Amino acid sequence: MRKEKERISSGRLWMGSIIAALVSAVAIYLVMLQMEKNVLSEYEKEIVYVAGCEIPKGQILDEGNWQNYVQQIEVDKSCIPATAIHMEEQLYELSAVYGIEEGTILTGGMFLKMEDVLSDMKEPVIAGLKAEDLYQIVGGTLRPGDRIHIYRVSCEGEAMLGWENVFVQQVFDHSGLAISCEDTTTAAQRLNVYLDKEYLEEFYTLLATGSLRVVKALQ
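A.B. asks: Lay out the pattern of salt bridges with the relevant residues and their values.
C.D. replies: Taken as a whole and judged by the stated rule, the model has 5 salt bridges. Two residues, Asp76 and Lys45, come together in a salt bridge whose shortest N-O distance is 2.6 Å. Residue Asp76 is located in strand β3 (residues 70-76), and its partner Lys45 is located in strand β1 (residues 45-51); the two are separated by 31 residues in the primary sequence. By relative accessible area, Lys45 is classed as partly exposed at 44%. Across the salt bridge formed by Glu198 and Lys122, the nearest N and O atoms sit 3.9 Å from each other. On the criterion of sequence distance, the pair formed by Glu198 in the loop between β9 (190-196) and α4 (200-208) and Lys122 in the loop between α2 (114-118) and β6 (124-130) is long-range, its members being 76 residues apart. When its relative accessible area of 45% is taken as the criterion, Glu198 is described as partly exposed. Since its relative accessible area comes to 73%, Lys122 is described here as exposed.

A.B. asks: Go over the sheet that holds strand β10 (residues 212-217), please, and point to the residues and values.
C.D. replies: Pairing is antiparallel in the open sheet, where 5 strands are placed in the order β6-β9-β8-β7-β10. The strands lining the two open edges of the sheet, one partner per strand, are β6 and β10. The average undirected angle you get between the axes of adjacent strands in this sheet is 40 degrees. In this sheet, strand β8 (residues 159-172) lies alongside strand β7 (residues 147-153) in antiparallel orientation, the contact comprising 6 bridges. Residue Tyr151 lies in a different strand from β8, and its bridge partner there is Leu161. Where α4 meets the sheet, its contacts fall on β6, β7, β8, β9 and β10, and the angle it forms with β6 comes to roughly 5 degrees.

A.B. asks: Account for the packing of aromatic side chains, with residues named and values stated.
C.D. replies: In the structure shown here, the tally under the stated rule is 5 aromatic pairs. Ring centres of Phe167 and Tyr194 lie 6.1 Å apart, and the angle between their planes is 35 degrees; this geometry places the pair in the tilted category. Of the two residues, Phe167 is situated in strand β8 and Tyr194 in strand β9; the sequence distance between them amounts to 27 residues. Tyr194 matches Phe167 in its accessibility class, with the two residues each being buried. Ring centres of Phe203 and Tyr204 lie 5.3 Å apart, and the angle between their planes is 70 degrees; on these two criteria the pair is classed as edge-to-face. The exposure class of Phe203 is buried, given its relative accessible area of 0%. Ring-pair connections join several aromatic residues into one group, and the members of that group are Trp163, Tyr199, Phe203 and Tyr204.

A.B. asks: Lay out the side chain of Ser211 with the relevant residues and their values.
C.D. replies: Structurally, the position occupied by Ser211 is in the loop between α4 and β10. Residue class for Ser211 comes out buried when judged on its relative accessible area of 15%. The contacts of Ser211, once residues within four sequence positions are left out, are Tyr151, Arg152, Val153 and Leu206.

A.B. asks: How would you explain unusual backbone geometry if you had to name every residue and give the values?
C.D. replies: At Glu93, a position not held by glycine, the phi torsion is positive, near 60 degrees. Here Glu93 lies in the loop between β3 and β4 (94-96).

Cut-offs and rules
Residues numbered from 1 in each chain as written. Predicted model: local features only at pLDDT ≥ 70, side-chain atom pairs only at ≥ 80, totals over all residues. Heavy atoms only, no water. Salt bridge = Lys/Arg side-chain N within 4 Å of Asp/Glu carboxyl O. Helix = DSSP H or I, 4+ residues; strand = E, 2+ residues; numbered from the N terminus. Buried < 20%, exposed > 50% of the residue type's maximum accessible area, 1.4 Å probe, protein only. Pairing = 2+ DSSP bridges. Axes fitted to C-alpha atoms, helices over the stretch in contact; angles between N-to-C directions. Contact = heavy atoms within 4.5 Å. Phe/Tyr/Trp six-rings, centres within 6.5 Å; stacked < 30°, edge-to-face > 60°.

Written out as structure tokens, the structure is:
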């Protein structure tokens, strides 16, 4: 009888050891699985948009031209900024705030949304003017995306600010060809700017009398 009890006790101990070993093995497996998951997550890849070439300051991206400046690449998720651009639609109607180097991961803060440029206008329109109207348009240096301040000059020679931070939509050379943001040498002879329609009549009246002057905003 005593031997039978010892045999049962021994069997229980043996079963207990097996169960403990199984529990320990499962626990180790789960820990290793979590560690593997953590390691893999550190190297998780994601698609982002980067500058495929240098994007000049003021360059406007839209549905038709963004592929000339932007490309997709796959990078480690840990390297991607929180504000990175992930969708093609996010590239439409953007203007580069500054020159963006080739290979840079693109983020929202690098661009100005055109809808924000026009948001304060009741009825935005594009107004065109020639260099001779504004004394060579700041030496012909203006480019798309630049901002200008337009001053009114009275008969007595007193200048007053008329329109502030006017956005330059496009510039052209003497033959009417558009000048790109990459072109730093061709002199701008004509330009288009965004204005609110309610100021258009006043703007062209002052322009015709030679009463307007332009200052280029540096920021």
